[in-house]
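Observations on chain architecture
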Amino acid sequence: EALPSGLNRVAQAYLQRLDRQRAQLEWHLPLWLGRTFGVPIAQSRRVALTNVLGMIYIRIHNDLMDAPAHSPRQFEQAALAPLLYTRCITIFTSLFPAGSPFWGHLERYLSEWARALDWERQNHWHQARSYTQAEIEFVTAGKGAPIKIGFAAIALLAGRENDLAELERIIDLRSAIAQIFDDLSDWREDWQQGRFNIFLTTALSEQQRRQQEHLTEQHILQAIYRSADVMSLMDWTQSYAEQVYVSTAQFQCPPLTLLCQKAAKMAEEYRLAHQKGREKVLFQQLSRLAMSPP
């Protein structure tokens, strides 16, 4: 409500796009961990607010990168983003003094995010190159790094900075799972825009990657149905989900544990659908995964 009227409408539109079911960590993680760690609810809510504003900030950057040149909304988006960032900094300043280690964590997480985006742009925009496992882990951890800002704030407010390393590992694993399922559901849009995401490049054969300019949608669908590498990716994803499920148990945070259980179940369901080799079943599974929280 404090924003100029034009930017207020843009911000409200972004808020409406945020799905609490598909972005449960971003909406709720500070509240879940705050309750588990004994942080006052008023502080947890302020941190949760920065997460939501931060999500919009990240989404704006994604939209600006995806938009065609001279899009009429670019001015509003570019004007809104720094206002949201400034609001987040104002909230954090009220919670942490200048000498707090929080500011170092904030800078590190945002740097990881920027490096991951830049690497993926240079190596996978308009280039059908496969990802190694190390590259998948680097990209997914970096793109998920902004989520760490909220839980770092909660851990520091609770005096539990020693738990940060394990919490970061949980988010890295979970970010890898979420990114793969996002790439699965977004493969058609990413392909049309010239971005060869993790799922898409895994499904394509080496020959198809070399002849990317001749790919049609039918070629890609056939590759998805037949690729043994897609099965390996789902097995790898399920393994990560099981690891993160075990790791979350030590914090006794039931909502976070349940979310990780769901991720493991989704990987297993997709793997079974792929094994059946029935295109209709796989289509239905792709559609369902696109609508389900990872």
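Structure first, text after, so check above.
Residues numbered from 1 in each chain as written. Predicted model: local features only at pLDDT ≥ 70, side-chain atom pairs only at ≥ 80, totals over all residues. Heavy atoms only, no water.

What follows concerns the packing of aromatic side chains. Summed over the entire model, instances satisfying the criterion amount to seven aromatic pairs. Here Tyr57 and Tyr85 contribute two aromatic rings whose centre-to-centre distance is 5.6 Å and whose plane-to-plane angle is 35°, an arrangement assigned as tilted. Of this pair, Tyr57 sits in helix H3 (residues 41-66) while Tyr85 sits in helix H4 (residues 74-95), placing them 28 residues apart in sequence. When its relative accessible area of 18% is taken as the criterion, Tyr57 is described as buried. Where Phe92 meets Phe102, the ring centres are 4.6 Å apart and the plane angle is 50°; that geometry is what we call tilted. In this pair, Phe92 is assigned in helix H4 and Phe102 in helix H5 (residues 102-124), connecting sequence segments ten residues apart. Here the two residues Phe92 and Phe102 agree in accessibility, since each one is buried. Grouped by ring-pair contacts, the aromatic residues Phe92, Phe96, Phe102 and Trp103 constitute a single cluster. Note that Arg160 overlies the ring of Phe37, its terminal NZ or CZ placed 3.9 Å from the centroid. (Phe/Tyr/Trp six-rings, centres within 6.5 Å; stacked < 30°, edge-to-face > 60°. Helix = DSSP H or I, 4+ residues; strand = E, 2+ residues; numbered from the N terminus. Buried < 20%, exposed > 50% of the residue type's maximum accessible area, 1.4 Å probe, protein only. Lys NZ or Arg CZ within 6 Å of the ring centre and 35° of its normal.)

Right, let's talk about helix H7 (residues 145-157) for a bit. The terminal C-alpha atoms of H7, which comprises 13 residues, lie 19 Å apart, in line with the 18 Å expected from a rise of 1.5 Å per residue. Counting buried residues along H7, twelve of its 13 residues qualify, which places the element largely inside the surrounding structure. Buried within H7 are the following residues: Ala145, Pro146, Ile147, Lys148, Ile149, Gly150, Phe151, Ala152, Ala153, Ile154, Ala155 and Leu156. In the core, the buried residues of H7 are packed alongside helix H2 (24-37), H3, H4, H5, helix H6 (133-143) and helix H8 (164-192). Among the residues trailing H7, Gly159 stands out with phi positive, at a value near 70°. (Expected span 1.5 Å × (residues − 1). Contact = heavy atoms within 4.5 Å.)

The next subject is the pattern of salt bridges. In total, this model carries twelve salt bridges according to the counting rule given. Between Arg108 and Glu112 there is a salt bridge whose closest N-O contact spans 3.6 Å. Of this pair, Arg108 and Glu112 both sit in helix H5, separated by four residues, roughly a single helical turn. When its relative accessible area of 19% is taken as the criterion, Glu112 is described as buried. Notably, a salt bridge pairs Glu168 with Arg108, separated by 2.8 Å at the nearest N-O pair. Residue Glu168 is found in helix H8, and its partner Arg108 is found in helix H5; the two are separated by 60 residues along the sequence. (Salt bridge = Lys/Arg side-chain N within 4 Å of Asp/Glu carboxyl O.)

All right, on to helix H12 (residues 228-249) then. Across its 22 residues, H12 extends 32 Å between first and last C-alpha, which sits within 8% of the 32 Å expected from 1.5 Å per residue. Buried residues of H12: Val230, Met231, Leu233, Met234, Trp236, Thr237, Gln238, Tyr240, Ala241, Val244, Ser247 and Thr248, and no others.

Take the layout of surface pockets next. By volume, the second largest pocket amounts to about 450 Å³. Taken together, 16 residues form the lining of the second largest pocket, with Glu1, Leu3, Leu49, Leu53 and Leu84 sitting closest to its centre. By residue class, the composition of the lining of the second largest pocket is eleven nonpolar, two polar and three charged. (1 Å grid on protein atoms, 1.4 Å probe; cavity = no way out; pocket = protein on both sides within 12 Å on 5 of 7 lines; lining within 4 Å. Points joined across faces, edges and corners; volume = space filled by probe spheres on them. Nonpolar A, V, L, I, M, F, W, Y, C, P; charged D, E, K, R; others polar.)

Next up on the list: the packing of H4 against H5. Axis separation between H4 and H5 bottoms out at 12 Å; the angle between their running directions is 155°. Between H4 and H5, the angle is such that the two are roughly antiparallel. Taken as a pair, H4 and H5 cross one another with a handedness that is right-handed. Packed against H4, whose contacting residues are Tyr85, Ile89, Phe92 and Thr93, the element H5 presents Phe102, Trp103, Leu106 and Leu110 at the interface. When grouped by side-chain class, the residues that make up the contact of H4 with H5 number seven nonpolar, one polar and no charged. (Axes fitted to C-alpha atoms, helices over the stretch in contact; angles between N-to-C directions. Parallel < 35°, antiparallel > 145°, perpendicular 65-115°, else oblique. Left-handed = near helix turned anticlockwise from the far one by under 90°.)

Bringing the side chain of Arg195 into the picture now. Considering the arrangement of structural elements, one finds Arg195 in the loop between H8 and helix H9 (198-203). You can call Arg195 buried: its relative accessible area is 15%. A polar contact is formed between the side chain of Arg195 and the side chain of Gln193, at a distance of 2.7 Å. For Arg195, the residues in contact, after removing those within four places along its chain, are Asp66, His124, Trp125, Asp190 and Leu200. (Polar contact = N/O pair within 3.5 Å; in protein donor to acceptor, adjacent residues only side chain to side chain.)

A few words now on the packing of H3 against H7. Axis separation between H3 and H7 bottoms out at 9 Å; the angle between their running directions is 165°. Comparing their axes, H7 and H3 come out roughly antiparallel. By crossing handedness, the relation of H3 to H7 is classed as right-handed. Between H3 and H7, the residues in contact are Gln43, Ser44, Val47, Asn51 and Ile58 and Pro146, Gly150, Ala153, Ile154 and Leu157, respectively. Looking at the contact of H3 with H7 residue by residue, the classes come out as six nonpolar, four polar and no charged.

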